[in-house]
There are 2 protein chains.
Amino acid sequence: MAKVGLCSWRCRGNASRPPQKLLVTAGMDRDQMVGMINGKKINGIYINEAPLYTAATSNPDKLVKECGADSLPHACLVGRFVDNRFVYRQTFIIRSYEIGPDKTATMETLMNLLQETALNHVTSSGLAGNGFGATREMSLRKLIWVVTRIHVQVQRYSSWGDVVEIDTWVDAAGKNGMRRDWIIRDYNTQEIITRATSTWVIMNRDTRRLSKIPDQVRQEVIPFYLNKLAIPTEENDTDKIDKLTDATAGRIRSGLAPRWNDMDANQHVNNVKYIGWILESVPINVLGAHSLTSMTLEYRRECRQSNLLESLTSTTASSGDSDTDPPHKTGRCPDLEYTHLLRMQADKAEIVRARTEWHSKTK
Amino acid sequence: MAKVGLCSWRCRGNASRPPQKLLVTAGMDRDQMVGMINGKKINGIYINEAPLYTAATSNPDKLVKECGADSLPHACLVGRFVDNRFVYRQTFIIRSYEIGPDKTATMETLMNLLQETALNHVTSSGLAGNGFGATREMSLRKLIWVVTRIHVQVQRYSSWGDVVEIDTWVDAAGKNGMRRDWIIRDYNTQEIITRATSTWVIMNRDTRRLSKIPDQVRQEVIPFYLNKLAIPTEENDTDKIDKLTDATAGRIRSGLAPRWNDMDANQHVNNVKYIGWILESVPINVLGAHSLTSMTLEYRRECRQSNLLESLTSTTASSGDSDTDPPHKTGRCPDLEYTHLLRMQADKAEIVRARTEWHSKTK
């Protein structure tokens, strides 16, 4: 498979994107998979559930003490499995520094919380190797997950102090991909306020080449696959994102420089940071007067701290084949729709293509 | 009092900084202040405790239901009062996106958590007006708190999944200032891993002039004053921070541009974001090989999104009067010590002066 830039959970290779079409997990009965939920065999495999949170687990006396009248348990700081362990659920409170100028959570905040829930899902499953989200069999083979596409639909943004409940699960995506979905609910009303879906492939950490899923890895993850869609097929954004160029971009913002603090534990710019740069070429009056209701990111290449970036934005042209593929088949009817490109300033190499939809706040 | 730039919880006026010397709260007995802790009168005043977190409070049935075997209460997502309501305590779990390249929480993360705890303290006290951290009597008078100085000492940075417990309280600082202190503990070991202290003054939101504390506001906050120091006087950094210039700065990084997402709910660049820009002029090998163990920020002026910034850094010269004021009287003995200035690129106006101390990671 093709060699691509260095990255993890953030870029895509130039191998074709795995189809979004869902596969029913083959060769295994769902009841077989669930197995003994309260025994050692869970989701069809024997696991040693790794205690991610030593504070809560290594000092049970303290935890019990904290359940007293004037103090509270801390178990809800971590997530838990629900729905026969096919879904991982975690609640978060929106913090003061996670809201933007309009006093609601930003898209970056949502993406951060999705990432956190996904990583905790892997760790809590007992499958975690020594990397961010990699399974043990993957770590043995120096393999990592890389995200190729994320699509997020926001119905409503939360405010400071709101509690949100995030569900996440995984499923197959083609022969060598994995799909991860999320649903964010308002904890109080249980209203679904955000839906998201993403596609992941496996890459060799050293060679940076995409890899097939080894059988041993497939056997690890298949018991967790759940054939359920956060975003119904007809509402999903699977359309190609056009490549912007100097000629087609309405606005170009150059000289964007990743900061030291934009880098994550893998010494790379964290994929969520790209959102801020993409928004840098959106007109400021749009940022103020509109809500970002849908975002699709197609990751193509990573960037490191030394790279200078350019952000390109253009209002999206109507679809070329509008007879067969009307632009707003999803029924979301945004007031504005943009196409974006984040690229290296030096060689114009593509990092992320994106599409955003916006609704006026005054409506 | 003097007119200063627009800001909130982030800049200082040119009035002299209130002395750090502590005042014992006058005219009120401690027992009087505490009053009826389980009644309406708490900390000496009648309050209506505001339910910040409607999710946990407006749906008690749900909360009880969540206490079952397979689900957990969410009460620990919020903080609580301890020590006779003089101290507000909140626990946090360090999230995957809050750690830096060295896999530990960043200074920005710590500062965000300190801010969050402080704001929740005010809200939970029942004093909150309609602004970020302002009391009701302040809001009636269009007054806001602005931070003039923060000093943070980090003994150890936490890792992803670690639970930290943050205590905060307030006390008088001179006639017209308030001191807010914090202690961060490792929840599991109860080891103190960070100490911080800050000084606040009151400003008119419209005129941007510093104001005396009105008597009505003083009466609101005095019952919460606690004569306790997070950082002992002899270990505090109260030294003047020298002003850097083009001539004295060893390194200057220009063209730093605040992004849309750097702005907070007050439409201003959030004070925590300054840390990232300050670190932009620190040599990258220092950022990688050293830990930031102490940071002192002296806020002078706010900035908005349209301002381009410059970050200046210089290794700190030894103290001018080293006989009376040796550079490391605190006993912290850092391996490196820097002086910083963040200023407007256009008119060189000062935004923040800072001092940082660093310890080699290999020691």
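All values derive from a computational prediction rather than experimental measurement. (Residues numbered from 1 in each chain as written. Chains lettered and ligands numbered in written order. Predicted model: local features only at pLDDT ≥ 70, side-chain atom pairs only at ≥ 80, totals over all residues. Heavy atoms only, no water.)

Engineer: Explain the side chain of Thr 106 of chain B here, please?
Structural biologist: Mapped onto the elements of the fold, Thr 106 of chain B is located in the loop between strand E4 (87-93) and helix H4 (107-124). Owing to a relative accessible area of 14%, Thr 106 of chain B belongs among the buried residues under this scheme. (Helix = DSSP H or I, 4+ residues; strand = E, 2+ residues; numbered from the N terminus. Buried < 20%, exposed > 50% of the residue type's maximum accessible area, 1.4 Å probe, protein only.)

Engineer: Got a minute to help me understand empty space enclosed by the protein in this structure?
Structural biologist: By rolling a water-sized probe across the atoms, one finds the places where empty space is left. Within this structure, the stated rule accounts for nine cavities of 30 Å³ or more. Its boundaries defined by the atoms lining it, the largest cavity holds a volume of some 790 Å³. Lining the largest cavity are 34 residues, with Asn 112 and Lys 273 of chain A together with Tyr 97, Asn 112 and Lys 273 of chain B sitting closest to its centre. Of all elements in the fold, only helix H4 (107-124) of chain A together with H4 and helix H7 (273-279) of chain B reach the threshold of two or more residues within the lining of the largest cavity. The residue makeup of the lining of the largest cavity, split by class, is eight nonpolar, 14 polar and 12 charged. Volume-wise, the second largest cavity comes out at about 220 Å³. Considering the residues around the second largest cavity, the lining is formed by 17 residues, among which Trp 260 of chain A together with Asp 102, Thr 106, Met 107 and Leu 292 of chain B are closest to the centre. It is strand E11 (residues 290-299) of chain B that provides the largest number of residues to the lining of the second largest cavity, a total of three residues. (1 Å grid on protein atoms, 1.4 Å probe; cavity = no way out; pocket = protein on both sides within 12 Å on 5 of 7 lines; lining within 4 Å. Points joined across faces, edges and corners; volume = space filled by probe spheres on them. Nonpolar A, V, L, I, M, F, W, Y, C, P; charged D, E, K, R; others polar.)

Engineer: I would appreciate a short explanation of the pairing of strand E12 (residues 309-315) of chain B in the present structure.
Structural biologist: Successive side chains on a regular strand alternate, one facing one side of the sheet and the next facing the other. All names here are of chain B. Of all seven residues in E12, six are buried; the element is thus mostly enclosed. By the bridge criterion, four bridges tie strand E10 (residues 251-256) to E12 in an arrangement that is antiparallel. The residue bridging Arg 253 from the neighbouring strand is Ser 311, located in E12. Where E12 and strand E13 (residues 336-344) come together, seven bridges link them in antiparallel fashion. Looking at E13, one finds that Ser 311 is bridged to Leu 342. (Pairing = 2+ DSSP bridges.)

Engineer: I would appreciate a short explanation of the pattern of salt bridges in the present structure.
Structural biologist: Opposite charge on two side chains makes pairing possible when the charged atoms of those side chains draw close. The full count for this structure, using the stated rule, is 48 salt bridges over all chains. Taking the shortest distance from any N to any O, the salt bridge between Glu 350 of chain A and Arg 300 of chain A comes out at 3.5 Å. You can see Glu 350 of chain A sitting in strand E14 (residues 350-360) and its partner Arg 300 of chain A sitting in the loop between strand E11 (290-299) and strand E12 (309-315), a full 50 residues away along the chain. A salt bridge links Arg 156 of chain B to Asp 186 of chain B; its shortest N-O distance comes to 3.0 Å. Of the two residues, Arg 156 of chain B sits in the loop between strand E5 (143-154) and strand E6 (163-173) while Asp 186 of chain B sits in strand E7 (residues 177-186), which places them 30 residues apart along the sequence. What makes Arg 156 of chain B partly exposed here is its relative accessible area of 29%. Here the residues in one salt-bridge network are Arg 149, Asp 237, Glu 298, Arg 300, Glu 350, Arg 353 and Arg 355 of chain A, joined through shared partners. (Salt bridge = Lys/Arg side-chain N within 4 Å of Asp/Glu carboxyl O.)

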